[in-house]
Amino acid sequence: MADDRIAEMSQSEPSAKGGRREPQRLSSVAMSMRLLKAFSEGESEIGVTALSRKLGVAKSTVYRLASTLVAEGMLEQNSENEKYRLGIALFGLGALVRQRMNVSTEARQHIFALREATNETVHLALLDGSEVIYVYDLESSQAIRMRANLGERKPAFCASEGRAMLAFAPENKVEAIIAAGLVQRTPQTDVDPDHLSAALAEIRRIGYAVEDEQCEPGMRSLAAPVRDAESRVVAAVGIAGPRQRMDDEVLARFLPLLLDTAHTISSRLGYKAPAAY
């Protein structure tokens with residue numbers, strides 16, 4: 001309780017100029033967002049004590065925020081163990097987002113066909129800030145295969161799908177990602193900003209990206225951008241698999257299939273490729 005009182009006092013404390021500190025007044029909103037993001041596929045129900053530990057705040061604060069979110073339908077509480085889980089209201093909001101994500105609907109048939117044609121893992125990814133988020137993850141049926149859970153995020157600068165999108169992103173977006181720091185993910189991850197800039201320029205020239213163990217050890221992937229009716233790159237399709245299977249010969253065989261899939265999805269979104277002269 002003492003932690004809560006201190007937090008409330010700091011939120012209402014006037015600044016030196018006599019005004020209120022806006023970031024502190026919004027801290028409950030930010031903490032509520034952090035609380036919702038604490039849930040994952042592997043941890044779908046979490047108790048107050050665990051949430052307190054994850055968020056680094058008092059249990060009374062967690063209880064107060066959780067009670068508000070339960071009242072709004074954003075959280076539910078399991079009556080048997082008193083743990084919290086994401087509520088049905090979030091499903092409704094997610095459905096609205098899904099409706100807006102036409103690329104997900106239009107791509108579905110074609111990425112399934114690509115997975116059948118290659119029998120390697122096929123992804124559909126979107127760019128979200130400095131990360132890619134996988135909205136489709138169709139795994140290969142082979143024993144050794146690339147895995148990426150639905151909704152999983154990875155650094156865009158080293159994932160093939162991320163690079164395929166960053167290559168056509170505004171320059172200031174790439175600069176911001178570089179300025180934030182390129183963190184090594186595997187022994188093969190190249191964190192040199194100049195090398196990244198050169199790689200993105202090459203992707204713009206050839207129209208696709210190749211990643212060799214920079215994002216996942218032992219895995220190679222190939223990705224191509226998807227465009228909408230305004231020619232904006234809105235997603236990327238990728239094929240990924242173990243390095244021993246995805247050699248240069250296989251990549252060359254898969255490339256036309258990948259490019260055709262990305263082009264077909266783009267066409268479904270209204271994209272019209274410039275006429276060749």
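The structure under discussion appears in the preceding block.
Conventions and cut-offs
- Residues numbered from 1 in each chain as written.
- Predicted model: local features only at pLDDT ≥ 70, side-chain atom pairs only at ≥ 80, totals over all residues.
- Heavy atoms only, no water.
- Phe/Tyr/Trp six-rings, centres within 6.5 Å; stacked < 30°, edge-to-face > 60°.
- Lys NZ or Arg CZ within 6 Å of the ring centre and 35° of its normal.
- Core = buried A, V, L, I, M, F, W, Y, C linked by side-chain atoms within 4.5 Å.
- Buried < 20%, exposed > 50% of the residue type's maximum accessible area, 1.4 Å probe, protein only.
- Helix = DSSP H or I, 4+ residues; strand = E, 2+ residues; numbered from the N terminus.
- Contact = heavy atoms within 4.5 Å.
- Expected span 1.5 Å × (residues − 1).
- Bend = angle between axes of the 7 residues up to and from the residue.
- Disulfide = S-S within 2.5 Å.
- Axes fitted to C-alpha atoms, helices over the stretch in contact; angles between N-to-C directions.
- Left-handed = near helix turned anticlockwise from the far one by under 90°.
- Nonpolar A, V, L, I, M, F, W, Y, C, P; charged D, E, K, R; others polar.
- Polar contact = N/O pair within 3.5 Å; in protein donor to acceptor, adjacent residues only side chain to side chain.

Caption draft 1: Looking closely at the packing of aromatic side chains. If you walk through the whole model with that rule in mind, you get 0 aromatic pairs. The side chain of R227 reaches across the aromatic face of F168, ending 4.6 Å from its centre.

Caption draft 2: Spotlight on the nonpolar core. Judged by nonpolar contacts, the single largest core of 26 residues is most densely connected at I111, L124, V226, V237 and I265. Listed by contribution, the elements that provide at least two residues to this core are α7 (102–118), β3 (121–128), β4 (131–138), β7 (219–227), β8 (233–242) and α11 (248–268). Sort the elements by how many residues they give to this core and α11 lands first, with 7 residues. Residues in contact with I111, not counting those within four places in the same chain, are V122, L124, Y136, L138, V237, T261 and I265. By size, the runner-up hydrophobic cluster in this structure holds 22 residues, among which are Y134, F157, C158 and L200.

Caption draft 3: How the structure looks around α7. With 17 residues, α7 extends 25 Å from end C-alpha to end C-alpha; this agrees with the ideal 24 Å at 1.5 Å per step. Bending of α7 peaks at approximately 45 degrees at the position of R108. Positive phi appears at N119, one or two residues downstream of α7, with a value of about 50 degrees.

Caption draft 4: Examining the state of the cysteines more closely. Tallied over the full model, the rule gives 0 disulfides. Free of any disulfide, C215 has its nearest cysteine sulfur in C158, 4.0 Å distant.

Caption draft 5: Structural detail: the packing of helix α3 (residues 27–37) against helix α4 (residues 48–55). Running from amino to carboxyl end, α3 crosses α4 at an angle of 115 degrees, the nearest separation of the two axes being 10 Å. In this structure, α3 meets α4 at a crossing whose hand is right-handed. Contacts from M31, R34 and L35 in α3 reach L51, K54 and L55 in α4. Taken together, the residues that form the contact of α3 with α4 break down as 4 nonpolar, no polar and 2 charged.

Caption draft 6: The side chain of T189, seen in detail. Topologically, T189 is positioned in the loop between α9 (171–180) and α10 (193–206). For T189, a relative accessible area of 5% corresponds to the buried category. A distance of 3.1 Å separates the side chain of T189 from the backbone nitrogen of R185, its partner in a polar contact. Side-chain polar atoms of T189 contact the backbone oxygen of Q214, separated by 2.6 Å.

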